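Coordinates in review
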Amino acid sequence: MILHNYFRSSTSTRLRVALNLKGLPYDYAAYPLREKAHKSHDFLRKNPAGLVPVLELDDGTMLLQSLAIIEYLDEVHPEPALLPADPLAKAKARAYAYMIACEVHPLNNLRVLQHIAAGYGADADAQKAWFTHWVAETFQAMETMLAAAPETGTFCIGDTPTLADICLYAQVWNNKRFGIPLDNWPTIARIFAACDVLHAFRNAAPPNQPDAE
Ligand SMILES: N[C@@H](CCC(=O)N[C@@H](CS)C(=O)NCC(=O)O)C(=O)O
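Residues numbered from 1 in each chain as written. Predicted model: local features only at pLDDT ≥ 70, side-chain atom pairs only at ≥ 80, totals over all residues. Heavy atoms only, no water.

Let us look at the overall build of the protein. Helices and strands together make up the secondary structure of the protein, namely 10 helices and four strands. Listing the helices and strands of the protein from first to last along the sequence gives β-α-β-α-β-β-α-α-α-α-α-α-α-α. Here the protein has a C-alpha radius of gyration of 17 Å; the compact-globule value for 213 residues is 17 Å, and the two agree. For the protein, contacts bridging at least 24 residues in sequence account for 67% of all contacts bridging at least 6. When the accessible area of the protein is evaluated, it comes to approximately 10,000 Å², of which 57% is carbon and sulfur surface. A distance of 5 Å separates the average location of the 18 positive side-chain charges in the protein from that of its 23 negative side-chain charges. (Helix = DSSP H or I, 4+ residues; strand = E, 2+ residues; numbered from the N terminus. Rg over C-alpha atoms; globule rule 2.2 N^0.38 Å. Contact = heavy atoms within 4.5 Å. Areas by Shrake-Rupley, 256 points an atom, 1.4 Å probe, with all protein chains shown as cover. Lys, Arg positive; Asp, Glu negative; His and termini not counted. Charge placed at Lys NZ, Arg CZ, Asp CG, Glu CD.)

Have a look at this one:
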């Protein structure tokens, strides 16, 4: 498999963690977003939406959307499971994942920050305030939920990492770019730290990628 991705992309980090947890080897193809490598003709043939990551399977199939790809990997390579088997626990794991993937990441994506800069005059400080606002909205709610939920363990759901932790871990790395501390969210900080000591997570972190700057 070839992972078409970028070290700083949090959706790419999600996929790298999932591949590592499953023990699946892949070739790393880097697309520097600031240089618009993801808008090249070559990449747009892989994903017409011009977004990373794309997972190219051995038969040339291009898989898009990090959560869809992770669920595909989980079905084809079931061990270790990245979603709980119990339907209720599975729904809760997905809910945390979607809180980040649907309610934080799309608002803070590079193209959104570039759009509010170019179209609405948002300078670096305004972009940071925007990014921080959307993180805080969801992280505060997640912290409240995780601190209260009986199923919260070492990780978001129990004591093994799931899709929820994968999304949490990648988003916290994204937050670091804007200097957002975790002080107000101690349960999230604890879960991030529990992930970060695992090789599968740490190895997937942005600074540990071949294209890291
Ligand atoms: N929902 C998609 C989002 C993919 C996405 O937005 N990727 C970002 C990097 S994290 C990207 O390619 N951004 C390029 C841009 O904004 O121009 C997924 O989960 O795969």
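Having seen the model, we can carry on.
The subject of this paragraph is the sheet that holds strand β4 (residues 62-64). Taking strand neighbours across the sheet as the criterion, the four strands line up as β2-β1-β3-β4 in an open arrangement whose pairing is mixed. The open sheet has two free edges, formed respectively by β2 (27-30) and β4, since each of these has just one partner strand. The mean angle between the axes of side-by-side strands here comes to 25 degrees, regardless of whether they run parallel or antiparallel. With three bridges joining them, strand β3 (residues 54-56) and β4 adopt antiparallel strand pairing. Residue Glu56 lies in a different strand from β4, and its bridge partner there is Met62. (Pairing = 2+ DSSP bridges. Axes fitted to C-alpha atoms, helices over the stretch in contact; angles between N-to-C directions.)

Within this structure, the stated rule accounts for eight aromatic pairs. Between Tyr169 and Phe201, the ring centres sit 5.0 Å apart and the planes meet at 80 degrees, which makes this aromatic pair edge-to-face. Linking Tyr169 in helix α8 (residues 163-177) with Phe201 in helix α10 (residues 199-202), this pair joins segments that are 32 residues apart in sequence. Given the relative accessible area of 0%, Phe201 is considered buried. (Phe/Tyr/Trp six-rings, centres within 6.5 Å; stacked < 30°, edge-to-face > 60°. Buried < 20%, exposed > 50% of the residue type's maximum accessible area, 1.4 Å probe, protein only.)

Let us look at the packing of helix α7 (residues 124-148) against α8. Packing of α7 against α8 leaves a shortest axis separation of 12 Å and a crossing angle of 145 degrees. Remark: the crossing between α7 and α8 carries left-handed chirality. Side by side, α7 and α8 meet where Phe131, Val135, Phe139, Met142 and Leu146 of the first sit next to Leu168, Gln171, Val172, Asn174 and Asn175 of the second. Of the residues contributing to the contact of α7 with α8, the split by class is seven nonpolar, three polar and no charged. (Left-handed = near helix turned anticlockwise from the far one by under 90°. Nonpolar A, V, L, I, M, F, W, Y, C, P; charged D, E, K, R; others polar.)

With that settled, the discussion passes to the site of the ligand. Around the ligand, a shell composed of 15 residues is seen, among which Val52, Gln65, Ser66, Asn109 and Arg111 lie nearest. Note that a nitrogen atom of the ligand is positioned 2.6 Å from one of the side-chain N or O atoms of Gln65. The backbone of Arg111 places a nitrogen or oxygen atom 2.8 Å from an oxygen atom of the ligand. Contact with the protein chains removes 90% of the 510 Å² of surface that the ligand exposes when unbound. Structurally, the ligand is housed in the largest pocket. Within the residue set of the shell around the ligand, elements represented by two or more residues are α1 (10-22) and α6 (110-120). Counting residues per element, the shell around the ligand draws most heavily on α1, at three residues. Looking at the shell around the ligand, you find at least three residues from each of domain 1 (2-80) and domain 2 (87-201). (Near = heavy atom within 4 Å. Polar contact = N/O pair within 3.5 Å; in protein donor to acceptor, adjacent residues only side chain to side chain. 1 Å grid on protein atoms, 1.4 Å probe; cavity = no way out; pocket = protein on both sides within 12 Å on 5 of 7 lines; lining within 4 Å. Sits in = over half its atoms within 2 Å of the grid points. Domains from an automatic or database assignment.)

What follows covers the pairing of strand β1 (residues 2-5). The sheet contact formed by β1 and β2 spans four bridges and is parallel. Each bridged residue has a counterpart across the sheet, and for Asn5 the counterpart in β2 is Ala30. Between the parallel elements β1 and β2, the chain passes through α1 in a crossover that is right-handed. When β1 meets β3, the two strands line up antiparallel, connected through three bridges. By the bridge assignment for β3, Ile2 is matched with Glu56. (Right-handed = clockwise from strand over helix to strand, strands pointing away.)

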